[in-house]
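Here's the letter readout for the chains.
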Amino acid sequence: MATENFRLKKQGTKYVHAGAEPDPSTGAIMTPIFQTSTFVQEAPGVNKGFEYARSQNPTRNKLEEALAIIENGNYGLAFSSGVAATDAVIKLLNPGDEVIAAADMYGGTYRLFTKIFERFGIRFIYVDTTNTAAVENAITAKTKLIWVETPTNPMMNITDIAAMAGIAKKVKAWLCVDNTFASPYLQNPLDLGADIVMHSSTKYLGGHSDVIQGALVMNDKELRDQLYFIQKSCGAVPGPFDCFLVLRGIKTLHVRMRQHCENGRQVAAFLTSHPKIDKVFWCGLTSNPGYDIAKKQMKDFGGMMSFTLKDDSRQAALKVLTSTRIFSLAESLGGVESLINHPATMTHASIPREERLKTGLTDGLIRLSLGIEDPEDLIADLEQALAQ
Ligand SMILES: *Cc1c(COP(=O)(O)O)cnc(C)c1O
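Because the structure is predicted, anything quoted here is derived from the model rather than measured.

(A) Quick peek at the pairing of strand 9 (residues 304–309). Of all six residues in strand 9, six are buried; the element is thus mostly enclosed. Side chains Met304, Ser306 and Thr308 of strand 9 all project onto a buried face; the interleaved residues Met305, Phe307 and Leu309 project onto the opposite face, where all are buried too. Note: strand 8 (residues 277–281) against strand 9, three bridges, orientation antiparallel. Within strand 9, the position partnered with Ile277 by the bridge is Leu309. In terms of strand pairing, strand 9 meets strand 12 (residues 366–369) through four bridges, oriented antiparallel.

See the structure below:
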């Protein structure tokens, strides 16, 4: 298994070299984009391991190898989007099965669970997964999957992955962790006992806001085979050019993440001391309830944060959101450029207001995805926007 050679390598070396052996036919150092739908066979059934590109594509195979390496897993699978990867995980289940899902998670995941899969007879029980006892209490004989996201979007709540893995193991359920916010640089859930890691590769893995893609990584061969069967049967596969873009993004993940984290530190320090700011949600602040667990399971704290103004109204938030010059007002995250977002009307609009308020997602909450610009410029931009 190619992933074996990488087990002992440090992160940066893994990211640069994962899935990147020179192309055997030409020596090309970059993985070629195999823009083909089919592969010529020597005789019926005699081929070079490739038959039809929904089932296998050499560019995608290289990316899938890289995904496994960077998450310390045995197997990777790439999907046409993050939600397509999530969709594949839920398709492991049968009607009547129950999923314990984090109460505060990505809005698109919530929509997929409630609006699509509940119609097919799968039950989702939403629990505050930062409360380990609450998860234990929600377990039934029908629980087949625990789905967590940590840190969460946009409240930066932290769930103890090892504790969740312990609960899942006891009842032989799978634990799937949406690791999009942390990225493999900050956190590797398989090492903490998770069965499946999910990524929206659209975010930090791609890293340049130029691709939509998703990923799953796992250790168990049987689980991999089931998910591969779903991937090829349901067909939500990414195209080879998009696979090339994510492979290229992974090469600089560690360099980008270091700057995202540094910008996180500096902007959090600025916001916490600003007179107009009420609360700052960033997992690197000791005031964050999940700080100790974040410190235990993450390498650093990342560049995602949210905050509220003392005037916690929609109007005051909108003034800040429309006054920044470097931060662009946009959904998404994890790119090199800084983004500012209003979860209540943008990323989390599909969650009913009462549900949102229960998790602290008020109309005045502002979310930042810090890019890799110089922190002085980001702080100056926020300073002038807050002065408006
Ligand atoms: C963006 C995102 C997703 C969905 O991924 P897409 O690539 O947009 O389909 C899932 N989870 C989290 C945490 C995300 O940020």
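Read on, since the account is not over.
(B) Looking closely at the environment of Asp311. The residue Asp311 is located in the loop between strand 9 and helix 12 (314–321) in this model. Considering only alpha carbons, one finds Asp311 and Ala387, 76 residues apart in sequence, at a separation of 13 Å.

(C) Broad picture of the layout of surface pockets. A volume near 490 Å³ is recorded for the largest pocket. Forming the walls of the largest pocket are 29 residues, and the residues nearest its centre are Val83, Tyr106, Gly108, Arg111 and Lys203. Looking at the lining of the largest pocket, the elements with two or more residues in it are helix 3 (82–90), helix 4 (107–116) and strand 6 (196–200). With seven residues, helix 4 is the single largest residue contributor to the lining of the largest pocket. Looking at the lining of the largest pocket residue by residue, the class counts come to nine nonpolar, 13 polar and seven charged.

(D) Representation of the sheet that holds strand 1 (residues 75–79). Read from one edge of the open sheet, seven strands run 1-7-6-5-4-2-3, paired in mixed fashion. Each of the sheet's edge strands pairs with one partner strand only, and the pair in question is strand 1 and strand 3 (123–127). In this sheet, adjacent strand axes meet at a mean angle of 20° when their direction is disregarded. Sheet topology places strand 5 (residues 174–178) next to strand 6; three bridges connect them, and they run parallel. The partner of Asp178 across the bridge, within strand 6, is Met198. Taken strand by strand, helix 8 (residues 221–234) contacts strand 1, strand 5, strand 6 and strand 7 (214–218), and its axis lies near 15° from that of strand 1.

(E) View of the pairing of strand 1. With five of five residues buried, strand 1 is to be regarded as a mostly interior element. Of the two faces of strand 1, the one lined by Tyr75, Leu77 and Phe79 and the one lined by Gly76 and Ala78 are each fully buried. The pairing of strand 1 with strand 7 spans five bridges and is classified as antiparallel. Bridging across to strand 7, Leu77 finds its partner in Leu216.

(F) The arrangement of the packing of aromatic side chains in detail. Applying the stated rule across the entire model yields eight aromatic pairs. Judged by centre distance (5.3 Å) and plane angle (50°), the ring pair of Tyr110 and Tyr126 falls under tilted. A residue pair is termed long-range when its members are at least 10 positions apart, and Tyr110 in helix 4 and Tyr126 in strand 3 qualify at 16 residues. On the basis of relative accessible area, Tyr110 is assigned to the buried category, the value being 16%. For Tyr126, a relative accessible area of 28% gives the class partly exposed. Taking the centre distance of 5.9 Å and the plane angle of 70° together, the rings of Trp282 and Phe301 count as edge-to-face. Residue Trp282 is located in the loop between strand 8 and helix 11 (291–297), and its partner Phe301 is located in the loop between helix 11 and strand 9; the two are separated by 19 residues in the primary sequence. By relative accessible area, which is 3% here, Trp282 ends up buried. Residue class for Phe301 comes out buried when judged on its relative accessible area of 14%.

Rules used in this analysis
Residues numbered from 1 in each chain as written. Predicted model: local features only at pLDDT ≥ 70, side-chain atom pairs only at ≥ 80, totals over all residues. Heavy atoms only, no water. Buried < 20%, exposed > 50% of the residue type's maximum accessible area, 1.4 Å probe, protein only. Helix = DSSP H or I, 4+ residues; strand = E, 2+ residues; numbered from the N terminus. Pairing = 2+ DSSP bridges. 1 Å grid on protein atoms, 1.4 Å probe; cavity = no way out; pocket = protein on both sides within 12 Å on 5 of 7 lines; lining within 4 Å. Points joined across faces, edges and corners; volume = space filled by probe spheres on them. Nonpolar A, V, L, I, M, F, W, Y, C, P; charged D, E, K, R; others polar. Axes fitted to C-alpha atoms, helices over the stretch in contact; angles between N-to-C directions. Contact = heavy atoms within 4.5 Å. Phe/Tyr/Trp six-rings, centres within 6.5 Å; stacked < 30°, edge-to-face > 60°.

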